[in-house]
Amino acid sequence: MSKELLRMKTNNKKANGNGLSSSAWEMRPGGMLVQKRNSDSNQSSITVPIIRLKVKYGSSYHEVKISSQAPFGELKKMLAGPTGLHTEDQKIFYKEKERDSRGFLDVAGLKDGSKLVLIEDEISKEKRYLESRRNAKMENASKEITAIRLEIDKLAKQVANVEMDIYGGKKVTETLLLSLIELLMTQLIKLDGTTADGDLKLQRRMQVKRVTKYIETLDMLKTRNSALGNHNANVPMHHKNRIFTGQMPKSIYYQQEQRKMGNFADQRNPGPVVVTTKWETF
């Protein structure tokens with residue numbers, strides 16, 4: 001024993017002479033002093049075993065090769081292909097206990113050859129189906145609102161052109177005004193039949209306000225357009241000239257001037273002058 005201790009001291013001295021501390025060495029069972037292994041190198045050298053699992057689904061069995069340290073969620077992904085089940089619709093049981101997707105196989109005690117049972121989660125499947133239908137409806141509603149908005153933009157340009165014509169004194173046909181109102185009412189009915197939630201509901205409300213505003217504008221323009229036509233039909237031509245130019249027509253002006261000159265002449269010459277050769281005798 002004293003010889004072994006003496007040899008250890010000698011080796012420690014050699015190690016210290018080489019620049020290595022005594023803590024960097026370890027004693028092997030055979031009495032040999034060797035340099036300690038790095039713990040990182042030990043971890044990297046350890047290989048995770050691959051295990052084979054037998055999963056029963058219905059009347060069929062599926063064999064899966066997977067890492068023993070993998071989570072159950074990874075196992076569900078591997079079973080989605082052969083079983084046709086979505087990962088959210090799967091329930092995995094091991095030893096008659098449902099396993100969470102975040103749990104690990106080795107922690108649950110699974111080994112090579114372990115058997116599991118897979119069943120379909122009907123409630124999760126129903127929820128996912130309803131969610132997919134809801135998303136599809138929202139997508140269709142978004143497309144419908146976008147198409148309606150584009151139609152309203154086109155009609156808005158026509159309303160603006162009609163408004164410019166009427167306020168500029170130009171009469172438009174009543175058929176044009178009625179057709180624009182009818183087209184806007186059609187878009188309003190489409191918006192009313194569109195089901196929307198969240199942001200889409202706000203977009204639909206904005207388009208409804210736009211259509212209502214344009215219909216009110218057309219009603220006002222229809223009244224103004226009718227008044228513009230009646231005014232032009234009932235006013236005489238010379239009154240129209242006064243309205244637009246502010247001047248009296250020349251023909252009326254000349255007539256009035258001639259009348260004035262005639263009255264003035266009558267006042268200065270009350271009667272004709274008579275010349276006679278007959279003399280009156282007294």
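Residues numbered from 1 in each chain as written. Predicted model: local features only at pLDDT ≥ 70, side-chain atom pairs only at ≥ 80, totals over all residues. Heavy atoms only, no water.

Draft legend 1. The arrangement of the overall build of the protein chain in detail. Scanning the protein chain for helices and strands turns up 9 helices and 6 strands. Counting every position in the protein chain, which comprises 282 residues, the buried fraction comes to 22%. When contacts within the protein chain are restricted to residue pairs at least 6 apart in sequence, long-range pairs at least 24 apart make up 58% of them. Summed over its atoms, the accessible surface of the protein chain is roughly 21400 Å², and 54% of this surface lies on carbon and sulfur atoms. (Helix = DSSP H or I, 4+ residues; strand = E, 2+ residues; numbered from the N terminus. Buried < 20%, exposed > 50% of the residue type's maximum accessible area, 1.4 Å probe, protein only. Contact = heavy atoms within 4.5 Å. Areas by Shrake-Rupley, 256 points an atom, 1.4 Å probe, with all protein chains shown as cover.)

Draft legend 2. Spotlight on the UniProt feature "coiled-coil region" (unreviewed entry) in the protein chain. Residues given the UniProt feature "coiled-coil region" (unreviewed entry) here are residues 138–165. In residues 138–165, helix accounts for 100% and strand for 0%; the two terminal C-alpha atoms are 41 Å from one another. (UniProt positions renumbered as here; feature names shortened; annotations may be inferred.)

Draft legend 3. Local environment of helix α5 (residues 122–167). The terminal C-alpha atoms of α5, which comprises 46 residues, lie 66 Å apart, in line with the 68 Å expected from a rise of 1.5 Å per residue. Residue aspartate 121 occupies the N-cap position of α5, its side-chain oxygen lying 3.3 Å from the main-chain nitrogen of isoleucine 123. Glycine 169 lies just past α5 and shows a positive phi near 90°. (Expected span 1.5 Å × (residues − 1). Polar contact = N/O pair within 3.5 Å; in protein donor to acceptor, adjacent residues only side chain to side chain.)

Draft legend 4. Looking closely at the pattern of salt bridges. Counted under the stated rule, the structure contains 6 salt bridges. Across the pair arginine 128 and aspartate 89 runs a salt bridge, and its minimum N-O distance is 2.5 Å. Here aspartate 89 lies in the loop between α3 (72–83) and β5 (90–93) and arginine 128 lies in helix α5, a separation of 39 residues in the sequence. The class for arginine 128 is partly exposed, based on a relative accessible area of 33%. In this structure, arginine 149 and aspartate 153 form a salt bridge, with 3.9 Å as the shortest nitrogen-oxygen distance. Taken together, the residues span about one helical turn, with arginine 149 and aspartate 153 both in helix α5 at a distance of 4 residues. On the basis of relative accessibility, which here comes to 33%, the residue arginine 149 falls in the partly exposed class. (Salt bridge = Lys/Arg side-chain N within 4 Å of Asp/Glu carboxyl O.)

Draft legend 5. Focus on the sheet that holds strand β3 (residues 50–57). The sheet built from 4 strands is open, its strands ordered β4-β3-β6-β5 with mixed pairing. Strands at the two margins of the open sheet, each flanked by one partner only, are β4 (60–67) and β5. Neighbour to neighbour, the strand axes of the sheet diverge by 30° on average, direction disregarded. Here β3 runs beside β4; their pairing, made up of 8 bridges, is antiparallel. Bridging from a neighbouring strand, valine 55 pairs with histidine 62 of β4. Set on the sheet, α3 makes contact with β3, β4, β5 and β6 (115–120); between it and β4 the angle comes to about 140°. (Pairing = 2+ DSSP bridges. Axes fitted to C-alpha atoms, helices over the stretch in contact; angles between N-to-C directions.)

Draft legend 6. Focus on the environment of lysine 76. Here lysine 76 lies in helix α3. Classification of lysine 76 as buried rests on a relative accessible area of 7%. As for lysine 76 and histidine 86, which are separated by 10 residues in sequence, their C-alpha atoms are 8.4 Å apart. Ignoring any residue separated from it by four or fewer positions in sequence, one finds lysine 76 in contact with Thr87, Gln90, Ile92 and Ser101.

Draft legend 7. Representation of the nonpolar core in the model. The biggest cluster of nonpolar side chains holds 18 residues, and the ones touching the most others in it are Val162, Leu184 and Leu218. For this core, the secondary structure elements donating two or more residues are α5, α6 (174–192) and α7 (199–234). With 7 residues, α5 is the largest single contributor of residues to this core. The contact partners of leucine 218, leaving out residues within four places of it in the chain, are Val159, Leu177, Leu180, Ile181 and Leu184. (Core = buried A, V, L, I, M, F, W, Y, C linked by side-chain atoms within 4.5 Å.)

Draft legend 8. Molecular detail of the pairing of β3. Adjacent in sequence and paired antiparallel, β3 and β4 are bridged by 2 residues, among which glycine 58 carries a positive phi angle near 65°. Judged from the 4 bridges that link them, β3 and β6 form a sheet pairing that is parallel. Within β6, the position partnered with valine 55 by the bridge is leucine 116.

Draft legend 9. Structural view of unusual backbone geometry. Of note, the phi angle at lysine 95 is positive, near 55°, even though the residue is not glycine. Of note, lysine 95 is situated in the loop between β5 and α4 (105–108). Positive phi, normally seen in glycine, also occurs at glutamate 96, with a value near 60°. The topology assignment puts glutamate 96 in the loop between β5 and α4.

Draft legend 10. Focus on the confidence of the model for the protein chain. Per-residue confidence for the protein chain gives a mean pLDDT of 77, with 65% of residues at or over 70. In this model, residues 232–254 is a region of pLDDT below 50 whose contacts with residues beyond four sequence positions or in other chains number 13 contacts. Note on residues 273–277: pLDDT is under 50 here. Beyond four places in sequence and across chains, it has 0 contacts. (pLDDT = per-residue confidence, 0-100.)

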